[in-house]
Amino acid sequence: MNWLLLLFLALGLFLAAADSNYDYYRLPTALRPQKYYLRILTHLENRKEFRFSGTVKILIEALENTNNITLHSSTLAIDESQTTLRQISGGEKKDNCVASTEVNTNHEFYIFKTCQQLLAGNIYELSVSFSAELQDQLKGYYRSSYVDPAHNETRWISITQFEPTSARLAFPCFDEPGYKAPFVITLGHHRKFTALSNMPVDRTSSHDTLPDYIWTEFQESLPMSTYLVVYSVNDFIHKLSSLNNKPLFRTWARPNAIDQCDFASEFGPKVLKYYEQLFGIGFPLPKMDQMAIPDFDARAMENWGLVTYTESSLLYSPEYTTLMGKKSIANTMAHELAHQWFGNLVTMKWWNDLWLNEGFATYVSSLCIESIHPEWRSVELDSHSNLLTFFKIDSLESSHPVSRPVELASQIFESFDEISYEKGSLVLRMMHLFLGEESFRSGLKSYLEKYSYKNADRDDLWDSLTQAAHKNFILPKDYEIKAIMDSWILQTGYPILHVTRDYSARTASFSQDRYLLNTNLSKTDRSECWWIPLSFTTQEEKDFNNTAPKAWMECSKTAKSLPKTLEDLPGPDQWVIFNTRLSSPYKVNYDARNWELLIATLNSDDFESIHVVNRAQLLSDVLYFAWTGEQGYDTALKVIGYLKRERELLPWRSVLDQLNIVSSLIQPTSNFGTFKRFISKLITPIYEHLDGINYTDTTSIRNQDELHLKLIVAAWACPIQVSDCVAQSLLYFSNWRSEANPDENNPVPLAARDTVYCTAIRRGSDEDWDFLWTRYLRSNVAAEKQTILRSLSCTQEVWLVQRYIERIFEGKGDIRKPDSVSTFKSIASSEVGFLLAKEYFMENIELISKFYHPQPETMSEILLTLSSQIYTRKDYNKFKDFVANSKDYLKNMDQAISQALETILTNVQWMSQKQIQFTRAIEKFL
């Protein structure tokens, strides 16, 4: 035996030992799936034995020699006696088998140790049989139900939810996005059911041994990641779209809700057509199904060819769904269908770039809706809403970058948040605006074509867009998209741009640092730097249509902000506004003189000469700066003082969004009376201008924005008893209660129901609460059910609140699990409900943890809602101790815990440092 052979033997033994001890969070790279043959038999007839069983045959290519096959598997019972392994192509075929198995519970690995080494270049077939309970935890392959009113009978269906790491709960697989492969799926089920999956049905056949059971086999899919696999056994019916024949477009729902599918059925094909034009690539599948699931944890899921939704996110009823609800349905559909290209056709290599899926879908969905329904003005309204959402969370030290390291499954779940969605969409919008339409579109098309049916990362996208930008002379040759965008993608937080003008020299100098709500954190030792596109206009120009950067604030290679001065600015009698129409996600603070000039214009008859988006920007920014001390509340209230004449949605939404935070903190204090008078003075003019909550003449409403503004003003007016808000709400509700058939006849105006129901319950009797609860139980429309659930939390009766909380977790099913968290959050956000919800959560943490297991993201939502209203040092310490003592029940929630505790600290700081200043400022205002 020569030395070379000894070396190879030693190397083989080393690799085998290394495989055996493998304990890394990512799958080994020695193998790659080539195709899955997945066969699942589902039993839905006996509610005492909901189970599924199946076999998966995986064709596996060996890229390196190895003695192990490592798959993901969790909670599955694997019948090892049925496991087979054989070589099907490559070199000399040899018998092979599985010698033994091993489980790594840390990473949910199921490791098959082979009898013979798998050799690089060969293809093998691994066959694994498995079974599991068809459980109700809304992950993996699970069961859902609905009540058939015609027979008063519960009907059961099965459905999957695999994103991000739950395919392993349904079948052994390579459960990472980078392991794409085609799937041939066959579902066994009772013949009375319908089977659905990613692809159209290929053929059906009788089951060999089970009478009345059949096998439904689907066409082979395109290469896709495991998290996009979907299948369902159900008795739903569908509505076929009348708008096109290719692809076949169907909308599925329980039979007694099929009449709510009209809007989704007609809107969906328009969305697909828009994206085909935007991306320049046709939809690659022969059919598109969408399905409303009674119990669904996610808002929706973009499974390729079969998108699944909560009922309220897909079903539309003209009698019960508001305009805001209709727009939300459209937005959700446009988001999920955008994923058919961004996420499904081209998929991120790993979950650190989840934002490539979610940020893009969030942004282009607004472009899509703007094209189909321009009267909704989705781009402007959605980008503003996204800014308000992400500015809060990303102002925390405990936030995270858009593209973040992901090493644990819990970190994947944590990434499905405002940073990936809202911030991701906003930085893409910024890029779209500075690139221009041609470069943006051509860069996206190049990227999608190059990586179709493959995986890519952000650098691949940056390369395609840089090439397009340079080709069209949009960016200088020494500017690259990567340098610009990585400063926004790889850093936590966002900048505040400080503008200091030299009025005699007519110049302005700039500095930047990260905006933080925690004022005790030092900024001097930080080295963050963002490439900031400097768009601006002046009082003389008033050119708010040009959002292209006139200059850039650049960063050095060591991430230091480079000095920047602009010349030829106007003199001391004219203001300058930067970040035209909020084209980029940053805040702007000016010197005192520029603020004075802006205040003068806002409080003059010429206030509308400042674009409405920039009016909203000024209001939002100055209130944030007052919170953290960059400006005083006296200045902030001078800025918002003009609102008595403001009639547009966005400025009001900016102010009320900020004041809502203050309201929740000051409400339990003796200063709340002063705050109520302040709010009353602020909103009474706009409430009366909009005719309160009177909807007898809807023709007087100018546009959708005015309707939206009417809603949010009324939501403030009734709790503080502005004008006739309470009286009119109680009259509406009383008229409804007087109806002989209140489930069929509801005289409360659709748009006012949130406010009317809440006001009536807040000021009503036990009988009013029970009346509304009965309407909830009898409603067949998910949107109406959610409105009622929110409103029931408004009661001031402690015992009713306590009973309501207990109903959430009692397990009778009156409040579905997907609705339970939003219901609990509604209770926790109310004046009376907060303390009760907090105490219930802290005293019943074990019960609630088991109720939501294994869904740490749900527990995180509750934790963050409670933290937003805690404001004393004593309660902070108590909450901190509670978290420390509840680690067994708050697992995989590190990010949420950090953000909750930091939020409480910022509340404590504001109450101790700014509350008196704020109260004195509003007393002057009054």
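Residues numbered from 1 in each chain as written. Predicted model: local features only at pLDDT ≥ 70, side-chain atom pairs only at ≥ 80, totals over all residues. Heavy atoms only, no water.

Engineer: How would you summarise empty space enclosed by the protein if you had to cite specific residues and measurements?
Structural biologist: Inspection of the entire model under this criterion finds nine cavities of 30 Å³ or more. Looking at the largest cavity, its volume works out to about 80 Å³. Class assignment for the residues of the lining of the largest cavity results in six nonpolar, three polar and one charged. Counted as a void, the second largest cavity has a volume near 60 Å³. (1 Å grid on protein atoms, 1.4 Å probe; cavity = no way out; pocket = protein on both sides within 12 Å on 5 of 7 lines; lining within 4 Å. Points joined across faces, edges and corners; volume = space filled by probe spheres on them. Nonpolar A, V, L, I, M, F, W, Y, C, P; charged D, E, K, R; others polar.)

Engineer: Describe the packing of aromatic side chains, with residues and values.
Structural biologist: For the structure on display, the rule yields 72 aromatic pairs. Ring centres of Trp351 and Phe416 lie 6.3 Å apart, and the angle between their planes is 50 degrees; this geometry places the pair in the tilted category. Of this pair, Trp351 sits in the loop between β20 (346-348) and α4 (354-372) while Phe416 is found in the loop between α6 (409-414) and α7 (419-435), placing the two residues 65 residues apart along the sequence. Their ring planes at 25 degrees and their centres at 6.1 Å tell us that Tyr494 and Tyr515 sit as a pair that is stacked. Pair noted here: Tyr494 is in the loop between α10 (481-489) and β22 (495-502) and Tyr515 is in the loop between β23 (507-514) and β24 (532-534), with a separation of 21 residues, a long-range link. The pair formed by Tyr494 and Tyr515 is uniform in burial state, with each residue classed as buried. One residue, Lys550, lies across the ring of Phe536, its end atom 4.5 Å from the ring centre. If you follow Arg775 out to its NZ or CZ, it ends over the ring of Phe771, 4.6 Å from the centre. (Phe/Tyr/Trp six-rings, centres within 6.5 Å; stacked < 30°, edge-to-face > 60°. Helix = DSSP H or I, 4+ residues; strand = E, 2+ residues; numbered from the N terminus. Buried < 20%, exposed > 50% of the residue type's maximum accessible area, 1.4 Å probe, protein only. Lys NZ or Arg CZ within 6 Å of the ring centre and 35° of its normal.)

Engineer: So what about helix α13 (residues 633-640)? Which residues, and what values?
Structural biologist: For α13, the set of buried residues is Tyr633, Ala636, Leu637, Val639 and Ile640. Down the axis of α13, the sector holding all buried residues measures 155 degrees, keeping them to one side. Looking at the packing, one finds that the buried side of α13 touches α11 (592-602), α12 (612-628), α14 (649-666), α15 (672-689), α27 (894-913) and α28 (915-925). (Arc of directions from axis to C-beta. Contact = heavy atoms within 4.5 Å.)

Engineer: Which residues make up the pattern of salt bridges, and what values do they have?
Structural biologist: Evaluated as defined, the whole model comprises 47 salt bridges. Note that Lys445 and Glu449 form a salt bridge whose closest N and O atoms lie 2.4 Å from each other. Here Glu449 and Lys445 lie together in helix α8 (residues 437-450), a separation of four residues that amounts to about one turn. By relative accessible area, which is 31% here, Lys445 ends up partly exposed. Judged by its relative accessible area of 44%, Glu449 falls in the partly exposed class. With its nearest N and O atoms 2.9 Å apart, the salt bridge here joins Arg645 to Asp605. Placement of Arg645 in the loop between α13 and α14 and of Asp605 in the loop between α11 and α12 is noted, with a sequence separation of 40 residues between them. One network of salt bridges, in which partners are shared, links Asp353, Arg458, Asp459, Lys482 and Asp486. (Salt bridge = Lys/Arg side-chain N within 4 Å of Asp/Glu carboxyl O.)

Engineer: Can you tell me about the layout of surface pockets, naming the residues and giving the values?
Structural biologist: Its boundaries defined by the atoms lining it, the second largest pocket holds a volume of some 1100 Å³. For the second largest pocket, the lining is made up of 43 residues, of which Glu108, Phe413, His853, Pro854 and Asn892 are closest to its centre. Within the residue set of the lining of the second largest pocket, elements represented by two or more residues are β7 (123-133), β8 (140-148), α6, α24 (845-852) and α25 (856-867). With four residues, the top contributor of residues to the lining of the second largest pocket is α6. For the lining of the second largest pocket, the class distribution of residues is 18 nonpolar, 15 polar and ten charged.

Engineer: Go over the nonpolar core, please, and point to the residues and values.
Structural biologist: If you look at the biggest cluster of nonpolar residues, it comprises 295 residues, and the most contacted ones within it are Phe171, Tyr231, Tyr275, Ile683 and Phe841. Broken down by element, this core gets its largest block of residues, eleven residues, from α12. (Core = buried A, V, L, I, M, F, W, Y, C linked by side-chain atoms within 4.5 Å.)

Engineer: Can you tell me about the side chain of Arg501, naming the residues and giving the values?
Structural biologist: Looking at the element boundaries, Arg501 is found in strand β22. For Arg501, which is buried and forms no salt bridge, the nearest opposite charge comes from Asp591, at a distance of 5.3 Å. A distance of 3.3 Å separates a polar atom in the side chain of Arg501 from the backbone oxygen of Gly571. Here the side chain of Arg501 touches Gln574 through a polar contact of 2.8 Å, landing on its backbone oxygen. (Lys, Arg positive; Asp, Glu negative; His and termini not counted. Polar contact = N/O pair within 3.5 Å; in protein donor to acceptor, adjacent residues only side chain to side chain.)

Engineer: Run through the packing of helix α5 (residues 378-393) against α12, naming residues and quoting values.
Structural biologist: Closest axis-to-axis distance for the α5/α12 pair is 12 Å, and the angle between their directions is 10 degrees. One element, α5, and the other, α12, form an angle in the roughly parallel class. Along the contact surface, α5 presents Glu380, His384, Leu388, Phe391 and Lys392, while α12 presents Val612, Val613, Ala616, Ser620 and Tyr624. Counted by class, the contact of α5 with α12 contains six nonpolar, two polar and two charged residues. (Axes fitted to C-alpha atoms, helices over the stretch in contact; angles between N-to-C directions. Parallel < 35°, antiparallel > 145°, perpendicular 65-115°, else oblique.)

Engineer: An account of the sheet that holds strand β29 (residues 587-590) is needed here, citing residue identities and associated values.
Structural biologist: With respect to topology, four strands assemble into an open sheet ordered β27-β23-β22-β29, the strand pairing being mixed. A strand with exactly one partner marks an edge of an open sheet, and here the two such strands are β27 (564-566) and β29. Strand-to-strand, the axes of this sheet are offset by a mean angle of 30 degrees, without reference to chain direction. Pairing of β23 with β27 involves three bridges; the strand directions are antiparallel. Its bridge partner lying in β27, Ala508 is registered against Leu566. Across the sheet, α11 is in contact with β22 and β29; its angle to β29 comes to roughly 100 degrees. (Pairing = 2+ DSSP bridges.)

Remember that the coordinates give geometry; whether it matters functionally is a separate question.
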